[in-house]
Amino acid sequence: MPETKSFETVAANVAAVREKIDQTARACGRDPASVTLVAATKVQTSDTIRNAIRAGITVCGENRVQELTAHLEDNAYEGARVHFIGHLQTNKVKFVVGKVDMIESIDSSRLLQAVEKQAEKVGVVQDILLEVNIGQEESKGGAAAAELLELAREALSCPHVRLRGIMCIPPATASEEENRGFFQETYQLFVDIKEKLEDNSTNIDCLSMGMSGDYPLAIQGGSTMVRVGTALFGARPPWRPQG
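If you're wondering where the values come from, they're calculated on a predicted model, not measured in any experiment.

Caption draft 1: Quick look at the overall build of the protein chain. Along the backbone of the protein chain there are eight helices and eight strands. For the protein chain, whose C-alpha radius of gyration is 17 Å, the value lies close to the compact-globule estimate of 18 Å for 243 residues. Relative to its full complement of 243 residues, the protein chain shows a buried share of 51%. In the protein chain, 61% of the contacts between residues at least 6 apart in sequence involve partners at least 24 apart. When the accessible surface of the protein chain is totalled, it reaches about 11,500 Å², and 47% of it is carbon and sulfur. In the protein chain, the 26 positive side-chain charges and the 33 negative ones have mean positions that sit 4 Å from each other.

Below, the structure written as structure tokens:
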């Protein structure tokens, strides 16, 4: 069972991360308010999540459907928006669509259509990001960069989905210089999609890239949303499904 992190600990970490975001954004001529901090709450208790929200976190990002469902039942996210940031299987879509403010990990036409169908069923318009596999890793989810524009155009044809932008996770083994390149490539994809989808350009405003180890680099690369877990909550314990 994961340990609940105290409010004092979480608040100090939130303040430190926000300070780093502010410094990095200002150093590259950006408004710090243009960067949203998403607290990646994987393997955290409901009370830890509540402490994070009390410390000023406004968006929580959940990786696993089972944890998302448990925390929703526990009302742990009260006062914050919720994003689903992990790999989503089509058979789990019904537990996520309409329950979260944004799904950041749409990586295929099949998943997009499953989300559209469920959103229509429950009567919502679901905000989404398209996940790009920027490092071309066989073991990782995400659409190929070359397929992203076609997937974006398909998203525009879905009346119960609102395309807001793109998300990436560079390879864990990437060097700082390689990461910088991956972020630059993703930013260019983001710009290209906005330019080529003129009719939807006002909705496309989210570029989600950067985690605990590389979020300053991502901000330098144009990220508008950083997903930070370890820097806020410490190293994660092993996850053991309940039941």
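Caption draft 2: Structural view of the side chain of Arg-30. When you line up the elements, Arg-30 lands in the loop between helix H1 (7–27) and strand E1 (36–40). Lacking a salt bridge, the buried Arg-30 has Asp-31 as its closest oppositely charged neighbour, with an N-O distance of 8.6 Å.

Caption draft 3: Representation of the packing of aromatic side chains within the structure. Applying the stated criterion across every chain, the model contains one aromatic pair. Note on Tyr-187 and Phe-190: the rings are 6.4 Å apart at their centroids and 45° apart in plane angle, and the pair reads as tilted. With a gap of three residues between them, Tyr-187 and Phe-190 both fall in helix H6 (residues 176–196), about one helical turn apart. You can call Phe-190 buried: its relative accessible area is 7%.

Caption draft 4: Broad picture of helix H2 (residues 46–54). When H2 is considered as a whole, its buried residues turn out to be Ser-46, Thr-48, Ile-49, Asn-51, Ala-52 and Ile-53. Where H2 is buried, its residues touch H1, strand E2 (59–62), helix H3 (65–73) and helix H8 (230–233). Following H2 by one or two positions, Gly-56 has its phi on the positive side, about 115°.

What counts as what
What you see as residue numbers is a count from 1 along each chain, following the sequence as written. Local features in this predicted model are restricted to residues of pLDDT 70 or higher, and side-chain atom pairs are both shown and tallied only at a pLDDT of 80 or more, whereas totals for entire chains, interfaces and linings draw on every residue. Computation of side-chain values covers all heavy atoms of the structure but excludes hydrogens and water. In DSSP terms, a helix is any run of H or I states spanning at least four residues, a strand is any run of E spanning at least two, and both are numbered starting from the N terminus. Note that the radius of gyration is over C-alpha atoms, with the globule rule given as 2.2 Å times the number of residues to the power 0.38. Exposure categories follow from relative accessible area, calculated using a 1.4 Å probe and restricted to protein chains: below 20% of the type maximum is buried, above 50% is exposed, and the middle band is partly exposed. Contacts were defined at the residue level, with two residues in contact if any of their heavy atoms lie within 4.5 Å. Per-residue accessibility takes into account occlusion by the displayed protein chains alone, with areas from the Shrake-Rupley method and a 1.4 Å probe. Neither His nor the chain ends is counted toward charge; the positive residues are Lys and Arg and the negative residues Asp and Glu. By convention, the point assigned to a charge is CZ for Arg, NZ for Lys, CD for Glu and CG for Asp. Any Lys or Arg side-chain nitrogen located within 4 Å of an Asp or Glu carboxyl oxygen qualifies as a salt bridge. The rule is short: rings of Phe, Tyr and Trp, with Trp giving its six-membered ring, pair when the centres are within 6.5 Å, and they are stacked under 30 degrees, edge-to-face over 60, tilted in between.

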